[in-house]
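Report on the structure
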Amino acid sequence: MRLGIRIAKRLGVFAVTVVGASLLVFLITAALPGDVAEAILGTSATPETVAALRAQLGLDRPLPVQYLDWVGGLLTGNLGVSHLSGDPVLTLLGARVAVTAWLVGFAMLGSLLIALPSGLVAAVKRRSWQGVVVGAGAQVGMAIPVFWAGILASMVFAVWLHWLPANGYVALTKSPLGWAAHLVLPVLTLSVVQGAALTRYVRSAFVEVLNEDYYRTARAVGWTPARALWRHGLRNASISLVTVLGLQASSVLVGAIVVESVFNLPGLGSMLLTAVAQRDLLVVRGTVMFLVVVVLAISALVDFSYLLIDPRQQTERSTQ
Amino acid sequence: MSLLEVRDLTVRFGRRQIVAVDGLSLSLAKGGRLGVIGESGSGKTVTALAVLGLLPANAVVSGSIELAGRPITSLNEAGLAKLRGNVVSMVFQEPMTALDPTMRVGRQVAEVLRLHTSAAPGKAREQVVAMLNEVGLPDPGRVAMSYPHQLSGGQRQRVVMAMALINAPDLVICDEPTTALDVTVQAKVLAKLDQVLNLSGAACLFISHDLAVVSQVCEQVMVMLDGKVVETGTVADLFNRPQHPYTKGLVATSRLDQMVPGQRLPVVEDFYHPDAERVGR
């Protein structure tokens, strides 16, 4: 019963946050200087024609009306149409979401593949040179801006070595090999930058485990330090690591927007940047709302994942 | 030949080289039992960890430790790992935190078995349940499927004992195994420990600050103070003819049944000559 209440509460928080976010997204986009009517008509248009177009697009209505109209559409799954192309925002999102999903998914996986082993080494060998090397590497990785890492990767592996394409994208259904080749560099870029930040968290979570009694028990029954940490530390460390992963989800999405424009990938990020530049408000709002819901859903999933990771959270009370 | 032979063991910690154990020697025969008694900070646990080769990295060890003919102080990590849990094992003081909170206890015991033997999973499970039964856990099948937080302190300590005993080690080191338990549970756990040690024929190094507890498991007792051994003998000798002032104090403070109500309780310091300085202080 208590578990049900807890899940219901969490979903309530989720709903309230989504409503708050929608208001915030609406207000910020409404406050952007300039509007789509000017973008469509160009600088030579007269104030009268701009006003006429604004009225036609419904941009002259009071903000609360525009907001309720937009939110009402959200609830029924209608995100409106792009002022520029006339395509439904939902269709635009659908066409782009796969690219971003691949990029973010693989980058999350890649960053874990980097951070878990290197964080483990950094914790076990924290007093010798290996630990120092990993720590310094993580610092350097964190200091590198993601766009610069992307440009560097594309210069080295595409321009100089010709191993991989420098930019662009091929759909999985068209050519699996081309799809993979085009994703390698963007995923690598995002993984390394995110993995560096994550390594520090993994290290400190494992260092905490090193001071636990159950780690000493594991050592006393014959596990070597690294294996004791892996077998008995990973799940315990995961309790704090999933929190960090949840928090990182938003920074991975932001990173993805940058990486998409560096590698010219037709994902949500590049669509968002174009839409902002053109003041295509409904596209901007729809995309940002979608990203917000994804981030909130991830953080709700993080909360539920504690139930899976930590058996103490499942039992309502001790049996004895 | 003795099972455990410690000669002139000295352990120092850190840059300031603080001495935790100072020239300790002891010898334990196969199947023998030795109680190590002393107050906190007297070097009991450090001695135990040195025997397991589990001292922290900032410890400097001199002297020699030989366990079943193997020189512990010169073995590498892999060599030590093979001995731990197999030839020598340890029962720790804190049953509440000594077990991994995220793993079922049966699996934690089975892991120790499978780490050192090539028991098949099904066979290992059988052996684990049998071991849990042996350390006196009723309904061992259910206990094996429990997480540590679902068990009481006494039950957990028995699980820790099962982990220490499952590979029938030659030496079991018990570091204050019952200190965290309440007195009635303490007596039961000690009786069970005594019984399983008899059954397996393992030698035991039993560390405690409580003379009464030690006397339930061991005949021979070694008294430690400030990293040094100040007295050794049988429990009876110590009780009847304590030599060192610290031992005299220890014996007097453990005989609360002989106190007169209203009288001030004795403390160890009462047994030192007012002019005499305590060793190392």
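If you're wondering where the values come from, they're calculated on a predicted model, not measured in any experiment. (Residues numbered from 1 in each chain as written. Chains lettered and ligands numbered in written order. Predicted model: local features only at pLDDT ≥ 70, side-chain atom pairs only at ≥ 80, totals over all residues.)

1. Looking at the overall build of chain A
- The secondary structure content of chain A amounts to 13 helices and zero strands.
- When the elements of chain A are put in sequence order from the N terminus, they spell out α-α-α-α-α-α-α-α-α-α-α-α-α.
- Here the C-alpha coordinates of chain A stretch approximately 85 × 60 × 35 Å along the principal axes.
- Expressed as a percentage of its 320 residues, the buried residues of chain A come to 33%.
- Here the contacts in chain A between residues at least 6 apart in sequence split such that 70% fall between residues at least 24 apart. (Helix = DSSP H or I, 4+ residues; strand = E, 2+ residues; numbered from the N terminus. Buried ≥ 20, exposed ≤ 12 C-beta atoms within 10 Å, placed from the backbone. Contact = placed C-beta atoms within 7 Å.)

2. Notes on the overall build of chain B
- For chain B, the helix and strand inventory stands at 10 helices and 10 strands.
- Against the globule reference of 19 Å for 281 residues, chain B gives a C-alpha radius of gyration of 20 Å, in line with a compact fold.
- Overall, the C-alpha framework of chain B stretches about 65 × 50 × 35 Å when taken along its three principal axes.
- Out of the 281 residues belonging to chain B, those deemed buried represent 44%.
- Sequence separation of at least 24 residues holds for 63% of the intrachain contacts in chain B that already meet a minimum separation of 6. (Rg over C-alpha atoms; globule rule 2.2 N^0.38 Å.)

3. Considerations on the sheet that holds strand 8 (residues 203–208) of chain B
All names here are of chain B.
- Ordered in space as 6-7-8-3-9-10, the six strands form an open sheet in which the pairing is mixed. Of all the strands in the sheet, just strand 6 (88–91) and strand 10 (228–234) have a single pairing partner and so form its edges. Taken over all neighbouring pairs, the strand axes of this sheet differ in orientation by 20° on average, direction set aside.
- Examined bridge by bridge, strand 7 (residues 171–175) and strand 8 share five bridges and lie parallel to one another. Across the sheet, Cys 174 pairs through a bridge with Phe 206, a residue of strand 8.
- The strands that helix 1 (residues 44–52) touches are strand 3 (33–37), strand 6, strand 7, strand 8 and strand 9 (220–225); relative to strand 7, the one it contacts most, it runs at about 150°. (Pairing = 2+ DSSP bridges. Axes fitted to C-alpha atoms, helices over the stretch in contact; angles between N-to-C directions.)

4. Brief notes about the domain arrangement of chain A
Residue and element names in this part refer to chain A.
- Split by domain assignment, chain A resolves into domain 1 (2–75) and domain 2 (89–314).
- Averaged C-alpha coordinates put domain 1 and domain 2 at centres separated by 31 Å.
- In this assembly, 16 residues from domain 1 lie in contact with 13 residues from domain 2.
- Elements with a minimum of two residues in the side of domain 1 that touches domain 2: helix 1 (2–30), helix 2 (36–41) and helix 4 (63–75). (Domains from an automatic or database assignment.)

5. Brief notes about the sheet that holds strand 5 (residues 70–71) of chain B
All names here are of chain B.
- The four strands are arranged 2-1-4-5 in an open sheet whose pairing can be described as antiparallel. The open sheet has two edge strands, strand 2 (18–28) and strand 5, and neither has a second partner.
- The pairing of strand 4 (residues 59–67) with strand 5 spans two bridges and is antiparallel. Each bridged residue has a counterpart across the sheet, and for Glu 66 the counterpart in strand 5 is Pro 71.
- Running over the sheet, helix 1 touches strand 1 (4–13), strand 2 and strand 4 and is turned about 115° from strand 1.

6. With respect to the pairing of strand 9 of chain B
Residue and element names in this part refer to chain B.
- Extensive coverage of strand 9 is indicated by the burial of six of its six residues.
- Where strand 3 and strand 9 come together, four bridges link them in parallel fashion. Its bridge partner lying in strand 9, Gly 35 is registered against Val 221.
- Strand direction decides the pairing type here: strand 9 and strand 10, joined by six bridges, are antiparallel. Bridge pairing in strand 10 places Val 223 opposite Glu 231.

7. So, the pairing of strand 1 of chain B
Residues and elements named next belong to chain B.
- In terms of strand pairing, strand 1 meets strand 2 through seven bridges, oriented antiparallel. Paired with Leu 4 across the bridge in strand 2 is Leu 28.
- Taking the residues between adjacent antiparallel strands as the criterion, strand 1 and strand 2 are bridged by four residues, where Gly 14 takes a positive phi near 70°.
- In terms of strand pairing, strand 1 meets strand 4 through eight bridges, oriented antiparallel. By the bridge assignment, Thr 10 is partnered in strand 4 with Ser 62.

8. Some points on helix 8 (residues 176–210) of chain A
- With 35 residues, helix 8 of chain A ought to run about 51 Å at 1.5 Å a step, yet its terminal C-alpha atoms sit only 44 Å apart, falling short of that.
- A:Val184 marks the point of greatest bend in helix 8 of chain A, at about 35°, and the proline A:Pro186 comes within the next four residues. (Expected span 1.5 Å × (residues − 1). Bend = angle between axes of the 7 residues up to and from the residue.)

9. Brief notes about unusual backbone geometry
- Even without being a glycine, B:Gln17 presents a positive backbone phi close to 55°.
- Counting through the fold element by element, B:Gln17 comes out in the loop between strand 1 and strand 2.

10. As for the interface of chain A and chain B
- Each partner contributes to the interface: chain A provides 23 residues, whereas chain B provides 29 residues.
- At the level of secondary structure, the elements contributing two or more residues to the side of chain A that touches chain B comprise helix 9 (213–220), helix 10 (225–262) and helix 13 (311–314) of chain A.
- In terms of residue count, helix 9 of chain A provides more of the side of chain A that touches chain B than any other element does, six residues in total.
- A class-by-class count of the residues in the side of chain A that touches chain B yields six nonpolar, nine polar and eight charged. (Nonpolar A, V, L, I, M, F, W, Y, C, P; charged D, E, K, R; others polar.)

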